[in-house]
Amino acid sequence: MVKRSEHRDLFPGALELMILKSLNWKPMHGYALAQRLKDISEDYLQIEEGSLYPALQRMLKSGWLETEMGLSARNRPVRVFKVTDAGKRHLEQELASVERMFAGVTRVLALAGQ
Amino acid sequence: MNWLRQFFSRRRRYEELSESIREHLDEKIADLMDRGMTREKAERAVRREFGNVTLIEERSREVWQWPTLEGAWKDIGFALRQLRKSPGFATIAILTLAIGIGGMTAAFSVSEAILLRRLPFKDSGRLISLHELIREDPHDFNVTAPDVLIFQRESQAFSGVGGYIGAGFDVTGAGAPFHAMAERVTASLFPTLGIEPLLGRTFTQKEDENAVPVTVLSYSLWRERFQSDPQILGKTIDLDRRPYTIVGVMPRSFEFPLDAGRLSHRDLWVPMSFTSAEKNSEGENYDYGLVARLKAGVSMAQAQIDVDRVIAMIQPSYATISTGLHLRGYFRTLREETVRNARPLLSVLLGAVALIMLIACVNLANLLLVRTAGRKRELGVRLALGAARRVILRQLLTESLLLSVMGGAVGAVLAVFLVRAAEAALPDSLPRLNEISIQWPMFAATFGLAAITGVLCGIVPALAGTRTEVLDSLREGNQGAGQGRSQQKLQSALVALEIGLAMLLLVASGLLLRSFAKMLETDPGFQSQHVLTASFSLPHLDYPTQQKADEFYTGLQHRIEALPGVTAVGFSTDIPTVGQNQGRLITAEGHVRRAGEGFLIASTYLVQGNYFEALHIPLIRGRFFDARDEGAGAPLVAIIGQSFAEQYFHGEDPIGKRMKVGDRFDSAMPAITVVGVVGDVKQGSLDQPTSNQMYEPVSQAAAALGPMAAMLGVVGNMDVVLRTTQDPALLTPDLEKLVHQLDPLLVLSQPHTMDEIVAATQSSRRFNTVILTAFAATALSLSLLGIYGVLAYSVAQRSREIAIRMALGASRKIVLLKTLRFALLLTAIGMAGGLIASIGLTRFLKSLLYGVKPLDSATIMGAVLVLMAGSALAGLWPARRAASIDPMQALRSE
């Protein structure tokens, strides 16, 4: 991963979450996924495109994703990653937990100074 | 079953992964090209933004792998490739390991079978072998025939007592006639040992007491002569022309007695059946063995008290023949008896092999140190490129383990081979040779030791090397000076240790070599060249009187003398160097025994014909036996050996002096006159001390024993000795023919030339010497290899320094000499250590030496010279390489 000083490191599991959320919205192939993550975060999160793949494989192994054939934007046949039911459940749980964490941190940051 | 499905679909996964990545790249390239980039630029940009494709693909694949198993497999493949790149190192390392592991396992296996393993009898720790001794006499005895019976009857500490004594029989009626080695045993012997026969039964007490002709066969005899006939029981076999009924067959592994290895293999056992002469022969013949089993709960000390008690009962019956003698009884465990003679040799062998193993480990350590040092750079580069330290260590570990495994495999093969060779080559006098088998636990232990050595010496320097010095090493392009020097010190210390150990072995083998040479130089007391000898035993049935036996001897002698080339023919109850002899207590007229002086026991040979001339035993005084001594009523005469004459007659002329059998002169025994003195002959092997000897004519043998003549019986077991001008072996068929002419049923056994017999007695010492010298040679070559390695490494390390010196003016010769000096210094240090160790340890060799002191200066000098010369040679190569360094090139290449 190329690091630049003004960007923070991602917390563990963040990448998987973002991938799951994006794929949940729409099943995509690797390139499209990378593009989407870049677009949405407005380049804020610097993610090397290749590093998606080990993460994708891990999620395939855990059973949260599955592959099927689809079409790319250029109408080429590509392999597309899709979220499974188990993946959806995992996404919901993780989102809830992350929101709780952020809420807690926010409260501490807001009130700690008093 | 998720993982199972995953395993089988893995190939598909990999393909999918590759294709996904491919598609990703293609899409992106297409996009960029749409925006106006050229194909080339697009591809480069895409790859840059994607990252390292190969690395990413591999990381992604790893998700699907089982890290431990697959990683291990990859590591092994990697290690194999690394090893194949340095074949020299790998070969030497594997050979070193194989020699150490294989040799150690083989030596231990042999020792274990012979020394350590329990005897193959039930509860063998409770079996003891009983001996009697006369307090006033230093000789070692067994027991007398009557005492066997007394101990059987009276002792209370033993649950079983068995007596045994050797016997020989001519066997006819079972294939070609041959002479069988047998043992007469009391009926109680087999039950005491606790061995059940394979077929049938052993003897009953009644059969023993009534001299019933029954016999128990050995497994090998049953197999070879009777083709393992299952109907063997009840059939008969002719022993000395008398039919004996076969009542049992012993199991395959059974041997008794166990004392002399292959030589003691008994073909069959017969009941002891003491004759009345034997039963009345108190205090005469101590050749009967006695083995007993301690009762449960009885300790050795208690048994000794009981033995003393029985001895006290026997003592009074000694009064008739030997007043003033005190009888004692002692015993050893049967196992101790069996291994006593083998122990010194085998302990030395085991020690030597352990030393070799040590040297091999040290060598291996050195090899690995050198190798790891040489790869510092490679490791540094790999670390810098991003390899995990853990991975590198794991690979190094695998490499060391792989070496150990391969070395162990070759070592196992070597061990099997060595054990086979040992069974064939070990001297016949070692007991239990046929029980040798590979001891795999020892193999595992030595393998473990080698593996640990490999791991330590491969890993530890690598561990040290994968720290921050790595970057320094890359920067300088050479190993950091500090690191290299401490490693070199370690290596030098190891090599010095090796040399010390090699020195020890060299000294030991040198001592044995000198002992062997001394033995060969020893005068046996006769001339063994051009002499043929053979044994026969006249059966009592056909030769019931001594006269008949004498007729046979005379007839045979005349016929042999008629053969062309024969110069002398003689007969004797025993021949020199084979270690058999019958001892007799002798007292000279007028001899006053000083306090504490032992009795004179002379080995007695009964001879006939021209025995002395046949063997060229020199006459020193007086005369040989002749016709004067043969008639009935002829005065009793004897010829004595030189040691006998000197010891007993103290320099006076013994000719004409008289002596008697027994412990005093004023007895009813007949007087014997000394008529001649001959040179001593060696009765055992040449390195055994000479003992007192005397000769009597066969025809007078019974008369010389006076009242006890009945004990002797007819002298029918004889060795014939003949001297010829030609090759003696050629006469064997003629000799056999002549014997058959006189007696068609008589078996002539063990025809050998005297040279062969003498050589056979040397075989044990020859074996020791050869083995130890082989060990020393191995140790020497391993050490020299070590010197070479250290020196080569040091030269490579310091090539820059040497180059600078040479550029500054040092001549090539000086460089050469300095390098050599280092080698010799190392050797000298090692040698000094080895010498000190020799001083301490060579006294363990004492029992194996002959005619040589343990600190023999010639041997030590020799070892020093050999080692010095060897190390100078080993150091020459690296020294020359150092001297031939081209300073300009060496400095430039940095």
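The following paragraphs examine the structure supplied in this document. Every value quoted in this text rests on a predicted model; they were computed, and no experiment measured them.

Moving on to the packing of helix α2 (residues 30-40) of chain A against helix α3 (residues 52-62) of chain A. Describing two packed helices takes the angle between their axes plus the distance from one axis to the other. Residue and element names in this part refer to chain A. The interhelical angle for the contact between α2 and α3, taken along N-to-C directions, is 115°, at an axis separation of 11 Å. Relative to α3, the element α2 lies roughly perpendicular. At the point where α2 passes α3, the crossing takes the right-handed sense. In this structure, α2 contributes Gly30, Tyr31, Leu33, Ala34 and Leu37 to the contact, and α3 contributes Leu52, Tyr53 and Leu56. A breakdown of the residues in the contact of α2 with α3 according to their chemical character gives 7 nonpolar, 1 polar and no charged.

All names here are of chain A. Here helix α1 (residues 14-25) contains 12 residues, and its C-alpha end-to-end distance of 17 Å stays within 8% of the 16 Å for a straight helix at 1.5 Å per residue. All buried positions along α1 are accounted for by Ala14, Leu15, Glu16, Leu17, Ile19, Leu20, Ser22 and Leu23. Turning to α1, the residues buried within the fold contact α2, α3, β1 (65-71), β2 (77-83) and α4 (85-111).

This brings us to the side chain of Thr859 of chain B. Residues and elements named next belong to chain B. Within the secondary structure layout, Thr859 lies in helix α29 (residues 857-883). Overall, Thr859 belongs to the buried group, its relative accessible area being 7%. At a separation of 2.7 Å, a polar atom in the side chain of Thr859 contacts the side chain of Asp856. Excluding residues that lie within four positions of it along the chain, Thr859 makes contacts with Val507, Gly510, Leu511 and Arg514.

Moving on, we get to the pairing of strand β7 (residues 242-249) of chain B. All names here are of chain B. Inspection of the sheet shows strand β4 (residues 199-200) paired to β7 by 2 bridges, in the antiparallel sense. Across the sheet, Gly200 pairs through a bridge with Gly248, a residue of β7. Of the pairings in the sheet, the one linking strand β5 (residues 214-217) to β7 comprises 4 bridges and is parallel in character. Paired with Leu217 across the bridge in β7 is Val249. Bridge analysis of strand β6 (residues 236-239) against β7 gives 4 bridges, and the strand direction is antiparallel. Residue pairing in the sheet places Asp238 in a bridge with Pro243 of β7.

The next point concerns the pattern of salt bridges. Close approach of charged atoms lets side chains of opposite charge pair. Residues and elements named next belong to chain B. For the coordinates displayed, the defined rule picks out 30 salt bridges over all chains. Of the charged contacts, one joins Arg12 and Glu16 as a salt bridge, the two residues approaching to 3.8 Å between their closest N and O atoms. Placement of both Arg12 and Glu16 in helix α2 (residues 10-34) is noted, with a separation of 4 residues, approximately one turn of the helix. The buried category is assigned to Glu16, whose relative accessible area is 13%. Put simply, Arg765 and Asp687 hold a salt bridge, and the shortest N to O gap is 2.6 Å. Residue Arg765 is located in helix α26 (residues 754-797), and its partner Asp687 is located in the loop between β18 (672-678) and β19 (693-697); the two are separated by 78 residues in the primary sequence. A residue is classified by how much of its surface remains accessible, and Arg765, at 8% relative accessible area, is buried. In the salt-bridge network here, residues are joined through shared partners; they are Arg623, Asp626, Arg628 and Asp629.

With that out of the way, let us pick up the environment of Gln547 of chain B. Note that Gln547 of chain B resides in helix α20 (residues 546-561). Gln547 of chain B sits 168 residues away from Val715 of chain B along the chain, and the two C-alpha atoms are 10.0 Å apart.

This next bit is on the interface of chain A and chain B. Residue-level contacts link 24 residues of chain A with 23 residues of chain B. Taken together, both faces of the contact between chain A and chain B bury some 2,200 Å²; the carbon and sulfur share is 49%. When the buried area of chain A at its contact with chain B is split by residue, Tyr31, Lys61 and Arg79 of chain A rank highest and sum to 31% of it. Run the count over chain A and chain B and you get 6 salt bridges. With a shortest N-O distance of 2.3 Å, Asp34 of chain B and Arg74 of chain A are connected by a salt bridge.

Attention now moves to the environment of Phe417 of chain B. Residue and element names in this part refer to chain B. Mapped onto the fold, Phe417 is located in helix α16 (residues 389-425). Judged by its relative accessible area of 56%, Phe417 falls in the exposed class. Residues Phe417 and Ala106, 311 residues apart in the sequence, show an inter-C-alpha distance of 8.6 Å.

What counts and what doesn't
Residues numbered from 1 in each chain as written. Chains lettered and ligands numbered in written order. Predicted model: local features only at pLDDT ≥ 70, side-chain atom pairs only at ≥ 80, totals over all residues. Heavy atoms only, no water. Axes fitted to C-alpha atoms, helices over the stretch in contact; angles between N-to-C directions. Helix = DSSP H or I, 4+ residues; strand = E, 2+ residues; numbered from the N terminus. Parallel < 35°, antiparallel > 145°, perpendicular 65-115°, else oblique. Left-handed = near helix turned anticlockwise from the far one by under 90°. Contact = heavy atoms within 4.5 Å. Nonpolar A, V, L, I, M, F, W, Y, C, P; charged D, E, K, R; others polar. Expected span 1.5 Å × (residues − 1). Buried < 20%, exposed > 50% of the residue type's maximum accessible area, 1.4 Å probe, protein only. Polar contact = N/O pair within 3.5 Å; in protein donor to acceptor, adjacent residues only side chain to side chain. Pairing = 2+ DSSP bridges. Salt bridge = Lys/Arg side-chain N within 4 Å of Asp/Glu carboxyl O. Buried area = accessible area lost by both parts, 1.4 Å probe.

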